[in-house]
Amino acid sequence: MSNTRREIIREMLSEKPFISLKELGDRFPALSSMTLRRDIEYFEKQGECIKVRGGARSMKFITTSMEESFNLRLHANSAAKECIARQAAAMIEPGRSIFLDSGTTVLKLVSILEDERLTITTSGPNVAMELLKKNMPIVNIVGGMINRDNISVSGTQAMRYMEDINIDIAFLTPSGLTSETGFTCGNYSECEFKQQIIKKARMVVLLMDNSKIDKSLPYTFARMGDIDAVITNREFPPEIMKLAKDTGTKIIIAKPE
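Conventions we followed
All chains use their own residue numbering, which begins from 1 and follows the written sequence. Predicted model: local features are reported for residues with pLDDT of at least 70 only, side-chain atom pairs are reported and counted for 80 or more only, and whole-chain, interface and lining totals are derived from all residues. Excluded from the side-chain calculations are hydrogens and water; all other atoms, namely the structure's heavy atoms, are used. When DSSP finds two or more bridges between a pair of strands, those strands are recorded as paired. Starting at the N terminus, helices and strands are each numbered in turn, a helix being any DSSP run of H or I of at least four residues and a strand any DSSP run of E of at least two. Only the stretch in contact is used when a helix axis is fitted, and all axes are lines through C-alpha atoms; the angle between N-to-C directions ranges over 0 to 180 degrees. Between two residues, a contact is recorded if the distance between any of their heavy atoms is within 4.5 Å. We call a set of buried residues a nonpolar core when its members are Ala, Val, Leu, Ile, Met, Phe, Trp, Tyr or Cys and they connect through side-chain atoms within 4.5 Å of each other. Buried, partly exposed and exposed residues are distinguished by accessible area as a fraction of the type maximum, computed with a 1.4 Å probe on protein chains only: under 20%, between the cut-offs, and over 50%, respectively. The pairing test for Phe, Tyr and Trp rings, Trp by its six-membered ring, is centres within 6.5 Å, and the orientation test on the planes gives stacked under 30 degrees, edge-to-face over 60, and tilted for anything in between. Sitting over a ring, as applied to charges here, requires NZ of Lys or CZ of Arg to be within 6 Å of the ring centre and within 35 degrees of the ring normal. We define a salt bridge as a side-chain nitrogen of Lys or Arg found within 4 Å of a carboxyl oxygen belonging to Asp or Glu.

Draft legend 1. Highlighting the sheet that holds strand β6 (residues 138-141). One open sheet accounts for seven strands, arranged β6-β5-β4-β9-β12-β14-β15; its pairing is parallel. One side of each edge strand has no neighbouring strand; the edge strands of this open sheet are β6 and β15 (250-253). Averaged over all adjacent pairs, the angle separating strand axes in this sheet is 20°, with direction ignored. Direction of pairing for strand β12 (residues 201-207) relative to strand β14 (residues 229-232): parallel, over a ladder of three bridges. Among the inter-strand pairings, V205 is bridged to a residue of β14, identified as A229. With respect to the sheet, helix α5 (residues 78-89) is in contact with β9 (167-172), β12, β14 and β15, its orientation differing from that of β14 by roughly 140°.

Structure, rendered in structure tokens:
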């Protein structure tokens, strides 16, 4: 069995939403369709594709419907998000390289951010547009596939873009948190992108209001020990607070002014 062949198939799954058995047969003409079907079954077991008639659908291009749309979340828990955003803004120093995730709490953060010299990279097109209302920050936006539910960009192109970007502080937003599954989101491509950001950033801060507690979406992008700090509006359940203490993750409770 060739690891090189599977590496090629994995690369194909990372670049295309669907690969057909015919396409695989053209790429590997010496192999039987049965062998190629076994390869698809292998990647399905790895959670990287779904076997469908005539080929496989890549999980990177499948957005689950478990997350509420951006418009539904925009005005939910507004007061809590503003408190969290103000706490996050206090952590940002002039001259730093910042990564901003997509999300409604990040939009709150941008709206109150001081007009200072910063280099800001974001995966949120609407976040970038809001930043352009300020004069001093340098604004970079990653390219790639747009998730309509989150208005966020991810995928292979986005990850390639971030390879050359250095990050002092990354502000990320999860869609759910439980003690068992950690910090989760509803899209494989977004999960992979967040994992890359966590590896590159010198400091990782998660912004989440209490509505995300006890929600578990399909993809875990981080465990408590991967994160430096979490800014929230209410203390977490005891088992999660203990997990944070054990892993050295700081839990910051944002209070109303």
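Draft legend 2. Main features of the sheet that holds strand β10 (residues 176-178). Strand order in the open sheet formed by three strands is β10-β11-β13, and the pairing between neighbours is antiparallel. Since the sheet does not close on itself, it has two edges, and those belong to β10 and β13 (219-222), each with one partner. Sheet twist, expressed as the average angle between the axes of neighbouring strands with direction ignored, equals 40°. One ladder, built from three bridges, connects strand β11 (residues 182-185) with β13; its direction is antiparallel. Within β13, the residue paired with C185 across the bridge is Y219.

Draft legend 3. Region of interest: the nonpolar core. Residues F183, F221 and V230 are the most contacted members of the largest nonpolar core, which totals 34 residues. A total of five residues in this core trace back to one element, the largest contributor, which is helix α9 (residues 188-200).

Draft legend 4. Molecular detail of the packing of aromatic side chains. For the structure shown, the criterion picks out four aromatic pairs. Considering the side-chain rings of Y42 and F43, the 5.1 Å spacing of their centres and the 80° angle between planes classify their relative orientation as edge-to-face. R6 extends its terminal NZ or CZ atom over the ring of Y42, reaching a point 4.0 Å from the ring centre. Sitting over the ring of F221, K194 keeps its end group 5.3 Å from the ring centre.

Draft legend 5. Local environment of the environment of L132. Here L132 shows up in the loop between α7 (125-131) and β6. For L132, a relative accessible area of 57% translates into the label exposed. Separated by 88 residues in sequence, L132 and T220 have C-alpha atoms that sit 32 Å apart.

Draft legend 6. Seen up close, the pattern of salt bridges. Scanning the entire structure with this criterion turns up 15 salt bridges. One salt bridge in this structure joins K194 and D101, with 2.3 Å as the shortest N-O distance. Remark: D101 occurs in the loop between β4 (97-100) and α6 (104-112) and K194 occurs in helix α9; sequence separation between them is 93 residues. One salt-bridge network, in which partners are shared between bridges, spans R5, R6 and D39.

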